[in-house]
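So you can see what is in the structure, the chains are spelled out below.
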Protein chains: 2
Amino acid sequence: MPHHSPLLKNRYGHHDIPEAAPWSPVIESLLAHRSVRAYRNAALPDGTLEVLLAAAQSAATSSNQQAWSVLVIDDPERRARLAALANNQAHIRTAPLLLVWLADLSRVKRQADLRDTELKATHYLDSLLTASIDAALAAQNAVAALESIGLGAVYIGALRNNLAEVIAELDLPPLVYPVFGLCIGQPDPDKPAAIKPRLPQSVVLHREKYLPRANEAEQISGYDRHIADFYRSQELPTPDWSSQAVERQSSVDVLHGRGRNAEVLRQQAFGLK
Amino acid sequence: MPHHSPLLKNRYGHHDIPEAAPWSPVIESLLAHRSVRAYRNAALPDGTLEVLLAAAQSAATSSNQQAWSVLVIDDPERRARLAALANNQAHIRTAPLLLVWLADLSRVKRQADLRDTELKATHYLDSLLTASIDAALAAQNAVAALESIGLGAVYIGALRNNLAEVIAELDLPPLVYPVFGLCIGQPDPDKPAAIKPRLPQSVVLHREKYLPRANEAEQISGYDRHIADFYRSQELPTPDWSSQAVERQSSVDVLHGRGRNAEVLRQQAFGLK
């Protein structure tokens, strides 16, 4: 009975899913997502990495190019250096498992070199997008898988804050870049994470053509109040959604160094034409 | 007992997951993914769209920006025009549900306009990446959800082949672009899709630093033989993986028009700096 699920209440502040809507344990698990930044100091079960990788590789990939790879980082010193480059997020140091998801066109480059063939599509922006999307689809499958076995995770987009330094730290060859990191572990029961409310479906969903609803501003104001209540309940100083989102896009400073990334990616042989 | 799962055999051609590896119905569902292009001519259950959207919105999103939207396309004439723009893929016309996943920074732009604030981060490539990744994470959750209730889907990256025309067809405002489409329906039992084999885990996984295995070429040759067998079993003329992947990146022609996308995205107000 999805319309009664407390997960929907947490996500939207109300239950607006039709009573007869389909439901499954998978949907239940997906809707229970929350970002987890505090972990028990416990190793993951044997085989966890292999199962997460199998889930990731089961995601769709553009033309079966599989234009991604993943790095496991265990070395505490490397972890500390990466944390320092990524906004000093403590969980980069402490997570039982740290993965770095890479957009990777170097694998096909090595195959092209074996054939004395030159790659040309890699000179174009769309190839960067395709590889980045491949990596994202794969990572999200890994997240769905790990949450289903009681683990928690948080994406680390801040690995792109000092992109050149992270690329050097990880010895990434041309045509490879870190899309994001992912910290994984058993959630610390003493520091439970909460389900974050999202925008109303009516704000995100369009039909036939893109036309913002006449009441979009009003709907967003309602969401702003809802999420402000949520942040207060979590004792977080975060402002409401619209203030935060505008702030996040209003200046180059808030990119935390990411304003240099087009140049860094060009140095990595992504043409961006 | 994951090491015996036929899903792993289908994905890798062998069982190489440790016996004690964790397992769940969610993982089982994720590993069973196959792209479905043939559907029963049957409407989806009431509430399907709302549940898929709830799953999509439950995915992580960078700084809670939720920089994506989704379009439902029902109009048969619009479907036909989109199909013509996207490599004439018949399922764009016939799928019971067609979603277009949009990277969307226009929502925050409208909020900024209400505050007389100028956005500056949108001038940078990283904002395009963040919004595209947000859309991909959301869509992949929708795919995981729909597969769990017996539906099938296929991504339509070809919606970027004629990007300017698709943007015009969908009336997309500045700071919005279609990342990909997604065709959804009940799989046609007369045209079952198969699980596609993927690269060996050892080729995709690195530790500490990026270093291709000494036997990478050999591993890929093995995979080439495996997937060539798969394509033959499906009566598909597709060449082996490495030939296809090199071909796919070797010329601008194979981008099918996507070589223009940086220019089109700039016209959509994505700065790409």
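The notes below deal with the structure included here. On a predicted model such as this, the values are computed, not experimentally measured, just so you know. (Residues numbered from 1 in each chain as written. Chains lettered and ligands numbered in written order. Predicted model: local features only at pLDDT ≥ 70, side-chain atom pairs only at ≥ 80, totals over all residues. Heavy atoms only, no water.)

## A short note on the overall build of chain A
Here comes step 1: Each helix and strand counted, chain A has 12 helices and five strands in total.
Here comes step 2: Whereas a compact globule of 273 residues would reach a radius of gyration of roughly 19 Å, chain A reaches 20 Å, a difference of no more than 12%.
Here comes step 3: In chain A, which comprises 273 residues, the share counted as buried stands at 60%.
Here comes step 4: Residue pairs in contact within chain A that sit at least 24 positions apart in sequence constitute 74% of those at least 6 positions apart. (Helix = DSSP H or I, 4+ residues; strand = E, 2+ residues; numbered from the N terminus. Rg over C-alpha atoms; globule rule 2.2 N^0.38 Å. Buried < 20%, exposed > 50% of the residue type's maximum accessible area, 1.4 Å probe, protein only. Contact = heavy atoms within 4.5 Å.)

## Some points on the environment of Leu128(B)
Here comes step 1: Structurally, Leu128(B) is set in helix α7 (residues 125-148).
Here comes step 2: Distance from Leu128(B) to His226(B), taken between C-alpha atoms, is 37 Å for residues 98 residues apart in sequence.
Here comes step 3: Discounting residues that sit within four places of it in the chain, Leu128(B) has contacts with Leu125(A), Leu129(A), Tyr177(B), Leu265(B), Phe270(B) and Leu272(B).

## Notes on the interface of chain B and chain A
Here comes step 1: In this complex, chain B contributes 131 residues to the contact, which on the side of chain A involves 130 residues.
Here comes step 2: Its largest share of buried area at the contact with chain A, chain B owes to Glu208(B), Tyr210(B) and Gln249(B), together 8% of the area lost on that side.
Here comes step 3: Between the two partners, chain B and chain A, sit 10 salt bridges.
Here comes step 4: In this structure, the salt-bridge partner of Arg78(A) is Glu208(B), at a minimum N-O distance of 2.7 Å.
Here comes step 5: Run the count over chain B and chain A and you get 72 residue pairs in polar contact (both at pLDDT 80 or more).
Here comes step 6: In terms of residue class, the side of chain B that touches chain A is built from 72 nonpolar, 34 polar and 25 charged.
Here comes step 7: As defined by bridge partners, strand β1 (residues 68-72) of chain A adjoins strand β5 (residues 205-207) of chain B across three bridges and the pair is classed as parallel. Within the sheet, the bridge partner assigned to Val70(A) lies in β5(B) and is Leu205(B). (Buried area = accessible area lost by both parts, 1.4 Å probe. Salt bridge = Lys/Arg side-chain N within 4 Å of Asp/Glu carboxyl O. Polar contact = N/O pair within 3.5 Å; in protein donor to acceptor, adjacent residues only side chain to side chain. Nonpolar A, V, L, I, M, F, W, Y, C, P; charged D, E, K, R; others polar. Pairing = 2+ DSSP bridges.)

## Describing the packing of aromatic side chains
Residue and element names in this part refer to chain A.
Here comes step 1: Evaluated as defined, the whole model comprises 10 aromatic pairs over all chains.
Here comes step 2: Between Tyr 155 and Phe 180, the aromatic rings sit 4.8 Å apart at their centres with planes inclined by 75°, giving edge-to-face as the arrangement. On the criterion of sequence distance, the pair formed by Tyr 155 in strand β3 (residues 152-156) and Phe 180 in strand β4 (residues 176-185) is long-range, its members being 25 residues apart. By the burial criterion, Tyr 155 is buried, and Phe 180 matches it. (Phe/Tyr/Trp six-rings, centres within 6.5 Å; stacked < 30°, edge-to-face > 60°.)

## Structural notes on the relation of the copies chain B and chain A
Here comes step 1: If you rotate chain B by 180° and push it 0.0 Å along the axis, it lands on chain A with an RMSD of 0.0 Å. Each copy turns onto its partner about a two-fold axis. Among all residues of chain B, the minimum C-alpha distance to the rotation axis is found for Val26(B), at 2.6 Å.
Here comes step 2: Mapped onto chain A, 99% of the interface residues of chain B again fall at the interface, so both copies present the same surface. (Least-squares fit on C-alpha atoms with pLDDT ≥ 70 in both.)

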